[in-house]
Protein chains: 2
Amino acid sequence: MEDYIVVALDAMGGDNAPKEIILGAVDALKENSKLKVLLVGKEDIIKQNLSELSYDKDRIEIINATEVIETAEHPVNAINHKKDSSIVVGMKTVRDGKADAFVSAGNSGAVLVGGQLIVGRMKGVKRAPFAPLIPTEKGVSLLLDSGANADCRPEHLLSFAKMGSIYMEYVIGRKNPTVSILSNGAEEGKGNALVKDTYPLLKDCADINFIGNIEARDITAGNSDVIVCDGFVGNAVLKMMEGTAKSLGHVMKKAFYKNLGTKLGALMVKNSLKESLSAFDASEYGGAPLLGLKGLVVKTHGSAKKTEVKNSLLQCITFKEQDISGKLVEKLSV
Amino acid sequence: MEDYIVVALDAMGGDNAPKEIILGAVDALKENSKLKVLLVGKEDIIKQNLSELSYDKDRIEIINATEVIETAEHPVNAINHKKDSSIVVGMKTVRDGKADAFVSAGNSGAVLVGGQLIVGRMKGVKRAPFAPLIPTEKGVSLLLDSGANADCRPEHLLSFAKMGSIYMEYVIGRKNPTVSILSNGAEEGKGNALVKDTYPLLKDCADINFIGNIEARDITAGNSDVIVCDGFVGNAVLKMMEGTAKSLGHVMKKAFYKNLGTKLGALMVKNSLKESLSAFDASEYGGAPLLGLKGLVVKTHGSAKKTEVKNSLLQCITFKEQDISGKLVEKLSV
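Note that the coordinates shown come from a computational prediction; the quantities given were computed from them, not determined experimentally.

A. Quick peek at the overall build of chain A. In terms of helices and strands, chain A carries 11 helices and 11 strands. Relative to the compact-globule value of 20 Å for 334 residues, chain A shows a C-alpha radius of gyration of 20 Å, a close match. Projected onto its principal axes, the C-alpha positions of chain A cover 65 × 55 × 35 Å. Taken across its 334 residues, chain A has 58% of its residues classed as buried. A separation of at least 24 residues holds for 70% of the contacts in chain A among residues at least 6 apart in sequence.

B. The arrangement of empty space enclosed by the protein in detail. Scanning the entire structure with this criterion turns up four cavities of 30 Å³ or more. Space inside the largest cavity adds up to approximately 40 Å³. Around the largest cavity, the lining residues are A:L157, A:I181, A:L182, A:N192, A:L194, A:V195, A:V228, A:C229, A:D230, A:V233 and B:F232. Those elements that provide at least two residues to the lining of the largest cavity are strand 7 (178-182) and helix 7 (193-203) of chain A. Looking at the lining of the largest cavity residue by residue, the classes come out as nine nonpolar, one polar and one charged.

C. Geometry of the sheet that holds strand 2 (residues 35-41) of chain A. All names here are of chain A. In space, the six strands of this open sheet follow the order 3-2-1-4-11-10, with mixed pairing throughout. Two strands close off the open sheet at either side, each with one partner strand: strand 3 (60-64) and strand 10 (288-290). Each strand axis lies, on average, 25 degrees off the axis of its neighbour in the sheet, ignoring direction. In the sheet, strand 1 (residues 5-10) pairs with strand 2 via six bridges, with the strands oriented parallel. Following the sheet pairing, D10 is matched in strand 2 by V40.

D. The arrangement of the interface of chain A and chain B in detail. On the side of chain B, 49 residues touch chain A, which itself brings 49 residues to the contact. Here chain A packs against chain B, burying approximately 4,600 Å² in sum over the two surfaces, 69% of which is carbon and sulfur. Of all residues in chain A, A:F232, A:K239 and A:M240 bury the most surface against chain B, accounting for 16% of the area lost on that side. Ionic pairing is found between A:K258 and B:E275, a salt bridge with its closest N-O pair at 3.3 Å. There are 19 residue pairs in polar contact (both at pLDDT 80 or more) connecting chain A and chain B. Top element by residues in the side of chain A that touches chain B is helix 8 (residues 231-256) of chain A. It accounts for 19 residues.

E. Fine view of the sheet that holds strand 7 of chain A. Residue and element names in this part refer to chain A. The five strands are arranged 5-6-9-7-8 in an open sheet whose pairing can be described as mixed. In this open sheet, the two strands that pair with only one neighbour each are strand 5 (133-136) and strand 8 (209-214). Neighbouring strand axes in the sheet, compared pairwise and without regard to direction, differ in orientation by 30 degrees on average. Pairing of strand 7 with strand 8, which is carried by five bridges, proceeds in the parallel orientation. Bridge pairing in strand 8 places S180 opposite G212.

F. Highlighting the nonpolar core. Counting residues in each nonpolar core, the largest one holds 163 residues, and the members touching the most others are A:L39, A:L182, A:L313, B:L39, B:L182 and B:L313. Excluding residues that lie within four positions of it along the chain, B:L313 makes contacts with B:V7, B:L9, B:G24, B:A25, B:A28, B:L35, B:V37 and B:V103.

G. Representation of helix 10 (residues 306-321) of chain A in the model. Residue and element names in this part refer to chain A. With 16 residues, helix 10 should cover 22 Å at 1.5 Å per step; its first-to-last C-alpha distance of 23 Å lies within 8% of that length. The complete set of buried residues in helix 10 reads E308, V309, K310, S312, L313, L314, Q315, C316, I317 and F319. Backbone geometry just after helix 10 places D323 at a positive phi near 50 degrees.

H. Up close: the pairing of strand 11 (residues 296-299) of chain A. All names here are of chain A. Along strand 11, one buried face is formed by L296 and V298 and the opposite face, lined by V297 and K299, is buried too. Sheet topology note: the strand 4 (residues 101-104)/strand 11 ladder contains four bridges and is parallel. Bridged to S104 within strand 11 is K299. As defined by bridge partners, strand 10 adjoins strand 11 across three bridges and the pair is classed as antiparallel. Across the sheet, residue P289 finds its bridge partner in strand 11, namely V298. Linkage of strand 10 to strand 11, two consecutive antiparallel strands, is achieved through a turn of five residues, within which G292 is found at a positive phi near 95 degrees.

How each quantity is defined
- Residues numbered from 1 in each chain as written.
- Chains lettered and ligands numbered in written order.
- Predicted model: local features only at pLDDT ≥ 70, side-chain atom pairs only at ≥ 80, totals over all residues.
- Heavy atoms only, no water.
- Helix = DSSP H or I, 4+ residues; strand = E, 2+ residues; numbered from the N terminus.
- Rg over C-alpha atoms; globule rule 2.2 N^0.38 Å.
- Buried < 20%, exposed > 50% of the residue type's maximum accessible area, 1.4 Å probe, protein only.
- Contact = heavy atoms within 4.5 Å.
- 1 Å grid on protein atoms, 1.4 Å probe; cavity = no way out; pocket = protein on both sides within 12 Å on 5 of 7 lines; lining within 4 Å.
- Points joined across faces, edges and corners; volume = space filled by probe spheres on them.
- Nonpolar A, V, L, I, M, F, W, Y, C, P; charged D, E, K, R; others polar.
- Pairing = 2+ DSSP bridges.
- Axes fitted to C-alpha atoms, helices over the stretch in contact; angles between N-to-C directions.
- Buried area = accessible area lost by both parts, 1.4 Å probe.
- Salt bridge = Lys/Arg side-chain N within 4 Å of Asp/Glu carboxyl O.
- Polar contact = N/O pair within 3.5 Å; in protein donor to acceptor, adjacent residues only side chain to side chain.
- Core = buried A, V, L, I, M, F, W, Y, C linked by side-chain atoms within 4.5 Å.
- Expected span 1.5 Å × (residues − 1).

Below, the structure is given as structure tokens:
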């Protein structure tokens with residue numbers, strides 16, 4: 001590996017591939033001179049897209065991959081059969097030490113399965129959680145697992161808590177981050193069987209700053225830096241946040257179009273509102289890392305455009321510079 | 001029991017008791033002449049509150065109860081030890097056939113425990129779910145269980161689906177309501193162990209119009225009339241909706257206060273926005289019934305004011321008139 005921080009990028013994955021993906025790569029290169037990007041995908045298509053752009057040619061390399069895993073494909077089948085897909089080829093560059101990280105906006109399930117099967121889990125890690133940053137009134141919090149492991153055991157949630165703490169402290173810079181477990185009541189003793197069994201493990205863990213249960217309604221207020229839950233619940237909560245925000249947006253729009261007065265008023269608040277609401281938009285925060293693998297794998301939204309792709313790439317630099325993998329190995333192998 | 005539909009109302013429960021509770025009762029009596037309300041609580045306090053109001057004296061009765069179960073009390077202990085509390089006394093009026101329903105804005109856990117222990121479950125019902133109506137872009141949907149039973153088995157979810165269908169069809173008037181199960185993906189085969197085991201039961205059930213999995217982000221769009229899940233997940237999703245809406249409200253407010261222009265604009269959209277957003281406010285839809293008990297028990301929000309109390313009381317009339325209990329017994333004992 002060169003002195004660069006090398007990130008393999010799935011040029012074919014996501015709704016806006018390859019154009020927005022490649023634009024994001026070029027923007028990221030401009031913003032950070034330590035970055036080198038391996039664009040993985042159909043060589044001719046990538047070349048054609050690049051031909052119209054200006055960028056540092058030493059820091060972009062094309063890795064040809066002739067197949068594409070589509071969004072609707074069954075993840076395990078796809079990973080096993082499409083050996084020359086951009087996801088499989090990209091992940092192999094991480095496994096083989098040619099890249100520090102892999103970023104994809106493609107099939108989530110395939111990224112998850114590929115991460116486990118190709119990149120592989122760190123020693124001491126039994127489940128690798130998806131860990132997206134979610135916007136709150138105070139900034140951001142980390143919600144993990146938000147979808148990788150539908151059924152979890154208490155020891156998995158304990159490891160999510162440790163991983164999340166390290167991520168928030170060293171990637172986001174939140175000193176001694178607070179950790180809570182998502183439950184159906186704030187008091188100790190509330191919860192389903194999993195939460196009740198996990199609570200004492202978190203309470204006794206010296207590596208984290210555990211503050212107890214958190215109810216879902218207190219997440220967006222920003223009451224906890226790290227929120228731990230199983231991947232089924234995390235997925236439901238994350239998507240409920242998205243859905244509610246979207247529906248409220250529609251409701252608001254209708255209210256603004258009600259009559260001439262509201263239309264005028266809406267024009268006057270539009271920019272300010274847009275700015276404030278965009279801070280509350282999950283897609284501004286780059287991708288979700290799949291934590292606990294031997295190399296970094298980041299999944300960005302399927303709808304990612306160049307800004308999110310760029311942010312996801314830049315996130316990989318911090319991850320590498322802060323040696324998050326080293327810190328995770330240290331904490332998790334105890 | 002008289003020819004009236006008799007509802008026992010916990011006059012002491014909730015943040016705004018007794019004043020708003022009693023106001024809600026008086027308003028409900030004015031709106032429906034078939035209703036009679038038993039106000040359960042401290043007689044002197046209730047009398048004092050009523051003294052300032054005008055109402056049909058034949059249709060309000062005070063049932064004295066000297067104790068109050070506070071919000072923070074442990075539900076099982078409270079139900080077992082405060083035998084003269086408004087919740088215990090009120091539920092006994094239902095058990096003893098003196099009232100058709102009981103409505104409370106008090107301690108949720110105590111209402112749930114009291115419902116099971118005092119009113120008792122119907123034959124064939126193993127778990128009684130909380131079933132609130134939640135606002136969607138198309139109207140309302142029923143989310144059950146939304147918090148009564150944190151850990152559930154597939155047969156419980158099947159019974160929730162049947163109960164929810166009957167409720168939506170006969171109380172809300174949604175013909176042949178669609179039923180879905182909350183999952184982490186729309187396709188069959190997605191889900192945690194509980195969802196995967198429940199799916200075939202729902203698919204094979206002739207009593208419901210099952211349409212498959214639903215992702216949380218599609219709930220508020222109104223894509224399904226009835227959404228089934230365990231009480232832990234339902235609670236998380238419901239509270240995430242509340243929390244997200246609240247945080248977005250704060251974010252919006254800040255945007256409106258940014259400068260003179262935005263303040264003026266905000267004034268112009270204020271009324272229209274308020275009206276539209278209030279349709280998206282869960283508290284407008286009365287309380288959540290605890291389905292599957294031998295009598296109707298309705299839990300309203302702790303923060304309920306007179307309108308929500310009134311709506312909760314009126315809901316009990318439809319429930320009785322449509323003989324929902326009879327219909328539930330019929331479907332669930334099969």
